[in-house]
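# Observations on chain architecture
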Amino acid sequence: MKRCLWIFVFIFFITGCQSNENKDLKPPHPTITVDNQEISYAMGTYSWSENGKVVIADSASPAELVEKVKVNEVPSGKTILINFDYKPSSIEIGIWENNGVDLKRSNTHEFTLPEEEGEFIFVIHASWDEGDGIYAFRIKTINN
């Protein structure tokens, strides 16, 4: 019994003293804007490595990710701008439909919203040498 207690204390000590230095190891966060209005988004699945450390995080689907994210109301046909302080090597953008997304590469880091009114879930996939990240947001397009 005494031996089990010492094993428990040892395990508790080891797990309680582990470093949290990997908790902030994530891809850069974008600033997403339309007509100088910042768009709310959620970060999804990502992987990132720095200084010999690697973090891989899985997430829910984009539809589930944005359930608690503010719906951004924007005039249809406007241009969305995506800016990262640390520029990714590639950005792909698509609309989440029927539990999937068809991502298209964006060399300009911008895209035009659909002309029709409706609510859309957009997915951004950005890649760097250190890893990649998924970002999702909701837009409700309205006609002017």
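Residues numbered from 1 in each chain as written. Predicted model: local features only at pLDDT ≥ 70, side-chain atom pairs only at ≥ 80, totals over all residues. Heavy atoms only, no water.

### Observations concerning the nonpolar core
So the rule is basically this: Definition used in this section: a nonpolar core is a set of buried Ala, Val, Leu, Ile, Met, Phe, Trp, Tyr and Cys residues joined via side-chain atoms within 4.5 Å. Three exposure classes are used, based on accessible area relative to the maximum for each residue type with a 1.4 Å probe and protein chains only: buried under 20%, partly exposed in between, and exposed over 50%. What counts as a helix is a DSSP run of H or I of at least four residues, what counts as a strand is a run of E of at least two, and both are numbered from the N terminus. Contacts are assigned to residue pairs that have any heavy atoms within 4.5 Å of one another.
If you look at the biggest cluster of nonpolar residues, it comprises 25 residues, and the most contacted ones within it are I80, I82, F111, I124, F137 and I139. When contributions to this core are tallied by element, the ones reaching two or more residues are strand 1 (31-34), strand 3 (42-50), strand 4 (53-57), strand 6 (79-83), strand 7 (90-97), strand 11 (118-128) and strand 12 (131-142). Per element, the largest residue contribution to this core is five residues, and it comes from strand 11. Beyond its immediate chain neighbours, meaning those up to four positions away, I139 contacts I39, N72, V74, I80, L113, G118, E119, F120 and F122.

### Overview of the confidence of the model for the protein
We apply this condition: Confidence of the predictor in every single residue is expressed as pLDDT, which spans 0 to 100.
Looking at the protein, pLDDT values average 87 and 84% of them are 70 or higher. In the model, residues 1-20 has pLDDT below 50 throughout and makes zero contacts with residues more than four positions away in sequence or in other chains.

### Observations concerning the side chain of N72
Among the secondary structure elements, N72 is positioned in strand 5 (residues 72-75). Classification of N72 by relative accessible area gives buried; the value is 0%. Apart from residues lying up to four places away in sequence, N72 is in contact with Q37, E38, I39, S40, R138, I139 and K140.

### Points about the pairing of strand 5
On a regular strand, one side chain projects to one face of the sheet and the next to the other, so that they alternate. As a reminder, the rule being used: Whether two strands pair depends on DSSP finding at least two bridges between them.
Across the two faces of strand 5 the burial differs, with N72 and V74 buried and E73 and P75 not buried at all. Pairing of strand 5 with strand 12, which is carried by four bridges, proceeds in the parallel orientation. Within the sheet, the bridge partner assigned to V74 lies in strand 12 and is T141.

### Structural notes on the packing of aromatic side chains
The geometry of an aromatic ring pair is captured by the separation of the ring centres together with the interplanar angle, meaning the angle of the planes. Note the threshold: Aromatic rings from Phe, Tyr and Trp, with only the six-membered ring used for Trp, were paired whenever their centres fell within 6.5 Å, and each pair was classed as stacked if the ring planes differed by under 30 degrees, edge-to-face if by over 60, and tilted otherwise.
All chains considered together, the criterion is met by eight aromatic pairs. Clustering of aromatic rings is evident, with ring pairs tying together Y41, W48, F84, Y86, W128 and Y135.

### Concerning unusual backbone geometry
Its identity as a non-glycine residue notwithstanding, D35 has a phi of 50°, on the positive side. Here D35 shows up in the loop between strand 1 and strand 2 (37-38). Of note in the backbone geometry, N99 takes a positive phi value of approximately 60° without being a glycine. Turning to its location among the elements, N99 is positioned in the loop between strand 7 and strand 8 (100-101). A residue is classified by how much of its surface remains accessible, and N99, at 69% relative accessible area, is exposed.

### With respect to the environment of A57
Looking at the element boundaries, A57 is found in strand 4. Sequence separation between A57 and Y46 is 11 residues, and the spatial gap between their C-alpha atoms is 5.4 Å. Filtering out sequence-adjacent residues up to four positions away, A57 remains in contact with T45 and Y46.

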